[in-house]
Amino acid sequence: MKRLVLACSAGMSTSLVVTKMEKEAAARGLEFKIYAIPENNLRDELEAYGRDIVAVLLGPQVRFKLAENKKLTDEHGIPIAVIDMVAYGTLNGAKVLDQALSLIQ
């Protein structure tokens, strides 16, 4: 199954966004494993599941680590972006899902 990874400072607050994204994906008939991890675990996640990960979204709180993590995702040919701050703050799962889908199309 294809994976959408959200990486944030601890993986906690982003789990609320993940829940909203999962509901939206199900409503659209899309099958993704969507989950949050601490940003500092991204390297291990890419090494373990890189062939299945279709996009990585960074939480706004770790946006300053985009360049560093882009080097990692580029090695695996995986797009990465920072989650739109308004969509994240309002837990707009549809908008965050749309952002992820725009990365992989």
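One can find the structure itself at the top, above this paragraph.
This structure is a prediction, so every number in the text was calculated from the model and none was measured.

Criteria and cut-off values
Residues numbered from 1 in each chain as written. Predicted model: local features only at pLDDT ≥ 70, side-chain atom pairs only at ≥ 80, totals over all residues. Heavy atoms only, no water. Helix = DSSP H or I, 4+ residues; strand = E, 2+ residues; numbered from the N terminus. Buried < 20%, exposed > 50% of the residue type's maximum accessible area, 1.4 Å probe, protein only. Polar contact = N/O pair within 3.5 Å; in protein donor to acceptor, adjacent residues only side chain to side chain. Arc of directions from axis to C-beta. Contact = heavy atoms within 4.5 Å. Core = buried A, V, L, I, M, F, W, Y, C linked by side-chain atoms within 4.5 Å. Salt bridge = Lys/Arg side-chain N within 4 Å of Asp/Glu carboxyl O. Axes fitted to C-alpha atoms, helices over the stretch in contact; angles between N-to-C directions. Parallel < 35°, antiparallel > 145°, perpendicular 65-115°, else oblique. Nonpolar A, V, L, I, M, F, W, Y, C, P; charged D, E, K, R; others polar.

## Digging into the side chain of Glu-39
When you line up the elements, Glu-39 lands in the loop between β2 (33–38) and α2 (42–49). We classify Glu-39 as buried; its relative accessible area is 7%. Side chain to side chain, Glu-39 and Lys-65 meet in a polar contact 3.3 Å long. Side-chain polar atoms of Glu-39 contact the side chain of Asn-69, separated by 2.9 Å.

## A few points about helix α3 (residues 66–76)
Within α3, burial applies to Asn-69, Leu-72 and Thr-73. Taken end-on, α3 shows its buried residues confined to a sector of 95 degrees, consistent with a single buried face. Facing away from the buried side of α3, by more than 90 degrees, are the exposed residues Ala-67, Lys-71 and Glu-75. Turning to α3, the residues buried within the fold contact α2, β3 (53–58) and β4 (80–82). One or two residues past the end of α3 sits Gly-77, with phi positive at roughly 70 degrees.

## Comments concerning the nonpolar core
When a protein is soluble and globular, its nonpolar side chains tend to lie buried together. Ranked by size, the top nonpolar core spans 19 residues in total, and within it Leu-4, Leu-6, Met-21, Ile-34, Leu-57 and Val-96 carry the most contacts. Every element with two or more residues in this core is listed here: β1 (3–8), α1 (14–27), β3, α4 (85–89) and α5 (93–104). With residues up to four places along the chain from it excluded, the contact list for Val-96 reads Val-17, Met-21, Leu-57, Ile-83, Ala-87 and Tyr-88. Counting 13 residues, the second-largest nonpolar core is a separate cluster that includes Ala-7, Leu-42, Ile-78 and Ile-80.

## Quick notes on the pattern of salt bridges
Opposite charge on two side chains permits pairing when their charged atoms draw close. According to the stated counting rule, one finds six salt bridges in the structure shown. Across the pair Glu-39 and Lys-65 runs a salt bridge whose closest N-O atoms are separated by 3.3 Å. With Glu-39 in the loop between β2 and α2 and Lys-65 in the loop between β3 and α3, this pair connects stretches of sequence that are 26 residues apart. Judged by relative accessible area, which is 23%, Lys-65 ranks as partly exposed. Note that Asp-74 and Lys-70 form a salt bridge whose closest N and O atoms lie 3.0 Å from each other.

## So, the packing of α1 against α5
Put simply, α1 and α5 touch, their axes get as near as 8 Å, and they point 75 degrees apart. With respect to α5, the element α1 is oriented roughly perpendicular. When α1 is examined against α5, the residues Val-17, Lys-20, Met-21, Glu-24 and Ala-25 are found in contact with a partner set consisting of Gly-93, Ala-94, Val-96 and Leu-97. Broken down by class, the residue content of the contact of α1 with α5 amounts to six nonpolar, one polar and two charged.

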